[in-house]
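# Understanding the architecture of this molecule
What follows is the residue order along each chain.
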Amino acid sequence: MKKVRKKLAKHRLGLSPQGTGFVGSTIDARYTSSSDPILKHNPLVEALNPTLAEEQFFQYLALNPAFHDAMREKPAHERMIATQTVGVVVEPLTWASNLYYAIERVIRYGYMNRNPLRQAKLAQMRSAFPNWDTVQSIIPHELKLNNVINSFALFGTSGVGKTLTLEKVLLTQPQMIRHRQMYEGEPLHLQQLVWLKLECPHTGSLRELITNFFAAVDQICSKNYSATYGSQRRQDLLILAMATVAANHRLGVLVIEEVQRLKNTDDAENLLDFFVQLINTIGVPIVLTGTFQAMPLITESFASARRADGQGDFIWANLDKGDVNWELLSDAIWRYQYTSTKTELTLDLRKTWHELSGGVPDIAVKLYRLVQIAVIGLDDETITVNLFRQVARDHLKLVTPIITALNQKDWDTLAKIPDLVISPKAMDRALDKSLGRLNTGGSADTLKMKEEAARRHGGAGGPVEELIGFLIKRGIGPERAKVCAEAAYAKCQRGTSEIDLFLSALDLASQPFGVTAPPKAPEASDVPKARNTGKTAVATTASAKKMTKKMAAQLKKSEAEALATTWLEKEKLERSTGELFSA
């Protein structure tokens, strides 16, 4: 009973299940006469927003945060954190407009045969065919046109901007249009669902997809289809119910993302056949998107392949180094450079950047940010080819085979690999480490200070730097974090556990700040073995897991202990396994 009440509470609160979170705008219908005779007098088309010119679309898609050269003069800490802005930049690529016009075509011409008003439909046919009355006078028949628009698929590397671009394209049209007035002398009352985007369930289950569909329509149109149809056990009746709801709400296009999830499921063929059924029975265009792993799924069946080729499939791979898109993207991103020394984007730098990122926009953005994080605060903040290569060796080594396959356009290999994604946690770890390095020697780090810090604390990235980064991430000021970290490290005894060390530093930072000079740090021989290396203080995976179990039993009483536990579990253990990327 509790489970039932919990489900009902979620429904009342409007919480969405997986895959139904992307919602657009709702408007009241305002009709603009179509310039296309075959779409004229069709309220479903004439209530849509006008199609944008290509220049207007690119202006809408672009996102360029403010940047001024004066930002280079800010403190190193601020500049290092400001590199996050690089990830906000959106530079429209030429293929984006092709996707926009394809979506516009499938929506508008998908409505061609679905005019809800009889008199308006007759006026539509007369507008499209001047001889229509003559044809009707000979043999009256149902007003029906051939379905000239089918569906298409979008395949691409993870990180090329499929989802971002697709969502921006969908948002050029309202998601739901309320028709509640007279149209050409006929009353019209309906809720027109222009587009709906769902994610393919992780299980690949057709039933789960239909359930998510009902939940999404409930959320957007304020209906209760989940309660009406959700308990239906027979799958064929569920399919019929979904088709009926889609038809009643005049669904313009259904977008299904992440279709590569069907790869290892038994329901793949049923789901693909169902998509074709929706297209054939009620004329709803389907857009399927996924990584290259999805390509064999869509092309295996002749019917699915034919339908998915209605507009021509889109393949968004990595950008070629000679492609104008790579030049546009790299120029746009390079502008957001927060180093004190301004480095011009030379031909060698652009070529190396492309080689190391594979021409994947997401990887290129994150690599450029990592390069800046690595150099900010040093004596010389110039960005060089060697710096790019060093950062790539440190942070991209796990994906080198994937990047090689991208550069070589090796589709067979790409169809077998998972998504190419740099974990946000990896970016945070790189930033934390650099912030710790920045403060080890004082208000700004230099190469000379870095060597001194390494000599004093057992190597760059040693336990003191770990403590400083930990405290800064918890909102402690850089100077205070440095003093408290050194004080905690200096008073630790042989055999002191890492968790006690971090708790000690956090406790010092939470007290009134009266420490004027930290005690002298112990010699390297006095440091517990787990930290007596020139690397980050990392235990083996097995010992780290054992340590966290012990921590979980000890650290439940105070907020400070909980913070330390979280940090060690999520960051220290990830480092110990060497996992930098999430597939």
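Residues numbered from 1 in each chain as written. Predicted model: local features only at pLDDT ≥ 70, side-chain atom pairs only at ≥ 80, totals over all residues. Heavy atoms only, no water.

Where helix α16 (residues 347-357) meets helix α18 (residues 385-395), the axes come as close as 9 Å, and the angle between the chain directions of the two elements is 10°. By the angle between their directions, the pair α16 and α18 is classed as roughly parallel. Contact residues: Asp348, Leu349, Thr352, Trp353, Glu355 and Leu356 in α16; Val385, Phe388, Arg389 and Ala392 in α18. Split by residue class, the contact of α16 with α18 holds six nonpolar, one polar and three charged. (Axes fitted to C-alpha atoms, helices over the stretch in contact; angles between N-to-C directions. Helix = DSSP H or I, 4+ residues; strand = E, 2+ residues; numbered from the N terminus. Parallel < 35°, antiparallel > 145°, perpendicular 65-115°, else oblique. Contact = heavy atoms within 4.5 Å. Nonpolar A, V, L, I, M, F, W, Y, C, P; charged D, E, K, R; others polar.)

Quick look at the nonpolar core now. Ile103, Trp353 and Phe388 are the most contacted members of the largest nonpolar core, which has 78 residues in total. The dominant element in this core, judged by the number of residues it contributes, is helix α17 (residues 361-375), at nine residues. Those residues within four positions of Trp353 in sequence are excluded, and the remaining contacts are Trp326, Ser330, Ile333, Trp334, Leu345, Ala364, Leu367, Tyr368 and Phe388. Grouped together as the second largest cluster of nonpolar side chains are 45 residues, Met176, Leu198, Phe213 and Val245 included. (Core = buried A, V, L, I, M, F, W, Y, C linked by side-chain atoms within 4.5 Å. Buried < 20%, exposed > 50% of the residue type's maximum accessible area, 1.4 Å probe, protein only.)

Spatially, β5-β6-β7-β2-β8 is the arrangement adopted by the five strands of the open sheet, whose pairing is parallel. Of all the strands in the sheet, just β5 (195-199) and β8 (314-316) have a single pairing partner and so form its edges. Within the sheet, the average angular offset between the axes of one strand and its neighbour, ignoring direction, is 15°. In this sheet, strand β7 (residues 286-290) lies alongside strand β6 (residues 253-257) in parallel orientation, the contact comprising three bridges. Of the residues in β7, the one forming a bridge with Leu254 is Ile286. With respect to the sheet, helix α5 (residues 94-110) is in contact with β2 (152-156), β6, β7 and β8, its orientation differing from that of β8 by roughly 155°. (Pairing = 2+ DSSP bridges.)

Attention now goes to the sheet that holds strand β4 (residues 186-193). Pairing within the open sheet is mixed, and its three strands lie in the order β1-β3-β4. Both outer strands of the open sheet, β1 (26-28) and β4, are each paired with one neighbouring strand and no more. On average, each strand axis in the sheet is tilted by 5° relative to the strand beside it, whichever way the strands run. Note: β1 against strand β3 (residues 176-183), three bridges, orientation parallel. In the strand pairing of β3, Thr26 is matched with Met176.

This part is about the packing of aromatic side chains. Counted under the stated rule, the structure contains 20 aromatic pairs. Between Phe57 and Tyr60 the ring centres are 6.3 Å apart and the planes differ by 45°, which places this aromatic pair in the tilted class. Within this pair, Phe57 and its partner Tyr60 are both found in helix α3 (residues 54-61), separated by three residues, close to a single helical turn. The interplanar angle of 45° and the centroid separation of 6.3 Å between the aromatic rings of Phe274 and Phe275 together place this pair among those described as tilted. By way of ring pairs, the aromatic residues Phe57, Phe58, Tyr60, Tyr100 and Tyr101 are connected into one cluster. (Phe/Tyr/Trp six-rings, centres within 6.5 Å; stacked < 30°, edge-to-face > 60°.)

The topology assignment puts Ala405 in helix α19 (residues 400-407). Spatially, the C-alpha atom of Ala405 lies 8.7 Å from that of Gly358, the residues being 47 residues apart in sequence.

Moving on, we get to unusual backbone geometry. In this model, His41 sits at a positive phi of 65°, which is unusual for a non-glycine residue. Secondary-structure assignment places His41 in the loop between β1 and α2 (43-46). In the Ramachandran plot, Glu258 falls in the positive-phi region, its phi being about 60° despite a non-glycine side chain. Residue placement: Glu258 occurs in the loop between β6 and α12 (268-282).

Right, let's get into the environment of Tyr489. Secondary-structure assignment places Tyr489 in helix α24 (residues 478-490). The exposure class assigned to Tyr489 is buried, which follows from its relative accessible area of 3%. Sequence separation between Tyr489 and Phe502 is 13 residues, and the spatial gap between their C-alpha atoms is 9.0 Å.

It is worth spelling out α5 at this point. Residue pairs three or four apart in sequence face the same way in an α-helix, which turns once every 3.6 residues. An ideal rise of 1.5 Å per residue puts 24 Å on 17 residues; α5 measures up with 25 Å between its terminal C-alpha atoms. For α5, the buried fraction is high: 12 of the 17 residues fall into the buried class. (Expected span 1.5 Å × (residues − 1).)

The relative placement of two packed helices comes down to the angle between their axes together with the axis-to-axis distance. Between helix α9 (residues 206-221) and helix α11 (residues 235-248), the least distance of the axes is 10 Å, while the angle of their chain directions is 30°. Of the two elements, α9 crosses α11, and the hand of that crossing is left-handed. Mapping the contact onto sequence places Leu206, Arg207, Ile210, Phe213, Phe214 and Val217 in α9 and Gln235, Leu238, Ile239, Ala241, Met242, Val245 and Ala246 in α11. Here the contact of α9 with α11 is composed, by residue class, of 11 nonpolar, one polar and one charged. (Left-handed = near helix turned anticlockwise from the far one by under 90°.)

That is the geometry; function is a separate question.
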